[in-house]
Amino acid sequence: MTVELANRLKRLPPYLFAQLDEAKAQQMEKGIDVIDLGVGDPDLPTPKPIIERMKKAVENPTHHRYPSYEGMFSFREAVARWYQRRFGVELDPDSEVITLIGSKEGIGHMPLAFVNPGEIVLVPDPGYPVYVGATILAHGEPYRVPLTAGRGFLPDLTTISGGILAQAKLLFLNYPNNPTAAVASLTFFEEAVDFAREHGIILCHDAAYSEMYYGDPPHSLMEVKGAREVAIEFHSLSKTFNMTGWRIGMAVGNKEMVQGLKKVKTNIDSGAFQAIQEAGIEALAGEYGVEEMRQVYRERRDVLVKGLKGAGYDVEPPQATFYLWFPVPAGYDSMAFAKKALEEVGVVITPGLGFGIYGEGYVRAALTVSKERLEEAGERLGRLVT
Ligand SMILES: *Cc1c(COP(=O)(O)O)cnc(C)c1O
């Protein structure tokens, strides 16, 4: 029997990093000391009080049973309190908050809940690949909205044609942004909410990096008046509390959108382990380690920016996220330059093309190794251009 993948899986974009993964494995096999700035996964441990709360919670037999689909009320309350404290946004924990198994789960399910076959989903390009993948799995059509340096990596929503808008069901935005590290102003969020209302488009904002900032604290889309009529915001404990492996996040905002996500969840998963939700309550209430985390990444950012800038790279310190996004030197495309960095100086950086066609010409470096290693990485990458 030949096992055939479903067409929807075949339609997913090709995995562009296979060649690079292979080159990395080869370098490591040769015993080369590779510095990996490729992965957007915090290297710091989850703060102790969160782990301690988890240890206690795991002993509680009520948590050993199926959780509720929408998550524990106490976790949703903790989310609402945190939004109130951090953004001044009031949320009804009962109807406007849902627990997720990581924000990726909710983002992935959003098109399944709201997009009919053939309907268009507006996705930022470059962007987190899940927006395109989830759209295709729901038989939707991704339409790439370019993020360019000239506009501070904010999409120009006014240039999307009427024909596209008429078929568009959903728009994804993500600020602070992966991979460009751009931050959005409240004014931009207001424009986005107006745009969504005017065209009847569901606005999905991914705020996973809102706590990883170095200047003014970034805004929540929910701060915009009327946002909850047209929008849902995804958030996560992954980046804020170094909890990527725990799988805990949330979506907040429009009630019908929250209900739609819940309906998908009831049919596909059975909610988040309650002990993890309890640890999440502890994290949101205590905000452990967040200021220290910002300090660590700020120092790392400054070390790598200094090294790269000194060597002649066109790079500025980002105001948020743990990514540097910068143009490759003249004469290379992003894949060729990433390959050269790996093969000639043993540094893994991510080619911009992997985030979409408008990412071409750039690379992303993640600040997920120590200051010392970043200093070394800066020196090594410097050798490629001098
Ligand atoms: C890391 C990341 C997330 C968080 O994913 P989780 O599933 O919550 O771990 C969401 N969006 C973007 C753009 C990310 O980079």
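What you see is a predicted model, and the numbers here were worked out from it, not measured in a lab. (Residues numbered from 1 in each chain as written. Predicted model: local features only at pLDDT ≥ 70, side-chain atom pairs only at ≥ 80, totals over all residues. Heavy atoms only, no water.)

1. Here we look at the packing of aromatic side chains
In this structure the tally under the stated criterion is 18 aromatic pairs. Ring geometry for Phe188 against Phe189: centres 6.3 Å apart, planes inclined by 50 degrees, an arrangement best described as tilted. On the basis of relative accessible area, Phe188 is assigned to the buried category, the value being 4%. Residue Phe189 is classed as buried on the basis of its relative accessible area of 1%. Consider the rings of Tyr313 and Phe326, whose centres lie 5.6 Å apart with planes at 80 degrees: the pair is edge-to-face. In this pair, Tyr313 is assigned in the loop between helix H12 (290-311) and strand S9 (323-327) and Phe326 in strand S9, connecting sequence segments 13 residues apart. Here Tyr313 matches Phe326 in class, with each residue buried. Aromatic ring contacts, followed pair by pair, group Phe153, Trp325, Phe355 and Tyr362 into a single cluster. (Phe/Tyr/Trp six-rings, centres within 6.5 Å; stacked < 30°, edge-to-face > 60°. Buried < 20%, exposed > 50% of the residue type's maximum accessible area, 1.4 Å probe, protein only. Helix = DSSP H or I, 4+ residues; strand = E, 2+ residues; numbered from the N terminus.)

2. Here's the deal with the domain arrangement of the protein
Splitting the protein by domain gives domain 1 (7-45 + 290-382) and domain 2 (48-286). Taken together, the contacts link 31 residues of domain 1 with 34 residues of domain 2. Of the roughly 3,000 Å² buried at the junction of domain 1 and domain 2 (both faces included), carbon and sulfur atoms supply 63%. Three residues stand out in domain 1 for area buried against domain 2, namely Arg11, Thr321 and Tyr358, and they jointly supply 21% of the buried area on that side. Inspection of the domain 1/domain 2 interface yields one salt bridge. Among the salt bridges present, the one from Arg11 reaches Glu141, with a minimum N-O distance of 3.5 Å. Linking domain 1 with domain 2 are 14 residue pairs in polar contact (both at pLDDT 80 or more), by the criterion used here. Within the residue set of the side of domain 1 that touches domain 2, elements represented by two or more residues are helix H1 (7-10), H12, S9 and strand S12 (362-366). If one sorts the elements of the side of domain 1 that touches domain 2 by residue count, H12 sits on top with six residues. By residue class, the composition of the side of domain 1 that touches domain 2 is 18 nonpolar, six polar and seven charged. (Domains from an automatic or database assignment. Contact = heavy atoms within 4.5 Å. Buried area = accessible area lost by both parts, 1.4 Å probe. Salt bridge = Lys/Arg side-chain N within 4 Å of Asp/Glu carboxyl O. Polar contact = N/O pair within 3.5 Å; in protein donor to acceptor, adjacent residues only side chain to side chain. Nonpolar A, V, L, I, M, F, W, Y, C, P; charged D, E, K, R; others polar.)

3. Thoughts on helix H4 (residues 73-87)
Between its first and last C-alpha atoms H4 spans 21 Å; for 15 residues at 1.5 Å apiece the expected length is 21 Å, and the two agree. Check the buried side of H4 and you find it contacts strand S2 (97-100), strand S7 (231-236), strand S8 (249-253) and helix H11 (274-286). Phi for Gly88, located one or two positions after H4, is positive at around 70 degrees. (Expected span 1.5 Å × (residues − 1).)

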